[in-house]
Amino acid sequence: MENIFSIQTEQDFLNASLAAFHYQYENIDIYRKFVDFLKINPDEVRSLAKIPFLPIEMFKNHQILDKNASADLFFQSSGTTQMNLSKHYIADPDIYKESIYRSFEQFIGKPEDFIFLGLLPSYLEKQNSSLIYMVDYLMKKSAKPENGYFLYNHSELFQLLNSLKDKKVILFGVSFALLDFLDFVESQNLSVSGSQNLTVIETGGMKGRKEEMTKDELLKILQDGFKTEKIYSEYSMTELLSQAYSLGNNEYKCPNWMKVLIRNAEDPFSYEKEGRTGAVNIIDLANIHSCCFIATQDLGKTLPEDKFQVLGRIDHSDIRGCSLLVS
């Protein structure tokens, strides 16, 4: 587990995953109780398919934390004040920072090469957001004077984007906020200056603020409105310390220390073949001090070349900031 960011092969990943499973069974109380409740003998777990995946809802009611660690930092999921929100306690922020940097570098480029802008109003208005922590960290690595966040000051963002068309810019935006910005641009009879230096990374999240649409429809609107083909997507959540990225076609890839498996939506101990829809299980080895094996409430399917798609939410699961559009 000391070298998760050096994983290169499937065997490397399997070895690290089994090591993480045994470590967390011994050192994370809630996970041990969960495995014991399922009457699973840890000594018989020798493949990824045999590893028990902790339901993501457990983060709402329990402190899931390595007994050998303490945590002053935690991330909290978005939601209404009536919701019981998930908390993810972070024992080692440096692991998260390295995961952020290496994932971004692998799929997008070196953070130092970009100006970072954030159109993330629903996250800026709440505390303890893992997404804001991530963008803050990328801004610090970038150290560009133009870096900054925007709430609803669309006119200021419009002017800045047009002034930066000759520079490499990353605009992180929650989906409804990006659409609100384009609505403002259209209402003012304005037009974003097209630039292939601009990359928009949408993070999901309509939160009931916009009419439902497919992810393909969303990406087309953003391409037309921002006049760039570089409309990418980021997939993560409060309970994870790693990010998957889509560089088009709503097809995501994980970094080498993260993997998606698709479980049968009715039988959590069986897995779907490539191309078949089911519920998303995630292995995130950066979660060594919480839980690396998470059974989410997202629906998806795996694709060739280690890609996957996220197709929506399982019925009756909570609406959350990182929920994606139904496809």
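For clarity, every value in this text was computed on a predicted model and none was experimentally measured.

### Some remarks on the pattern of salt bridges
No. 1: The full count for this structure, using the stated rule, is twelve salt bridges.
No. 2: When the shortest N-O distance is used, the salt bridge between glutamate 26 and arginine 32 registers 3.3 Å.
No. 3: Residues joined by salt bridges that share partners form a network here, namely Glu251, Glu305 and Lys307.

### Remarks on the environment of asparagine 61
No. 1: Residue placement: asparagine 61 occurs in helix 3 (residues 58-61).
No. 2: Distance in space between the C-alpha atoms of asparagine 61 and lysine 87 is 8.5 Å, their sequence separation being 26 residues.
No. 3: Separated by 2.7 Å, the side chains of asparagine 61 and asparagine 84 make a polar contact.

### Some thoughts on the pairing of strand 13 (residues 293-303)
On a regular strand, each side chain points to the face opposite its neighbour's, so the side chains alternate between the two faces of the sheet.
No. 1: Counting buried residues along strand 13, nine of its eleven residues qualify, which places the element largely inside the surrounding structure.
No. 2: Note: strand 1 (residues 54-55) against strand 13, two bridges, orientation parallel. By the bridge assignment for strand 13, leucine 54 is matched with isoleucine 294.
No. 3: Pairing of strand 12 (residues 278-284) with strand 13, which is carried by five bridges, proceeds in the antiparallel orientation. For alanine 279, the partnering residue across the bridge sits in strand 13 and is leucine 299.
No. 4: Between strand 13 and strand 14 (residues 307-313), which pair antiparallel one after the other, the connecting turn spans three residues, and glutamate 305 there sits at a positive phi close to 65°.

Cut-off values and rules
- Residues numbered from 1 in each chain as written.
- Predicted model: local features only at pLDDT ≥ 70, side-chain atom pairs only at ≥ 80, totals over all residues.
- Heavy atoms only, no water.
- Salt bridge = Lys/Arg side-chain N within 4 Å of Asp/Glu carboxyl O.
- Helix = DSSP H or I, 4+ residues; strand = E, 2+ residues; numbered from the N terminus.
- Polar contact = N/O pair within 3.5 Å; in protein donor to acceptor, adjacent residues only side chain to side chain.
- Buried < 20%, exposed > 50% of the residue type's maximum accessible area, 1.4 Å probe, protein only.
- Pairing = 2+ DSSP bridges.

Any functional reading would require information that these geometric values do not contain.
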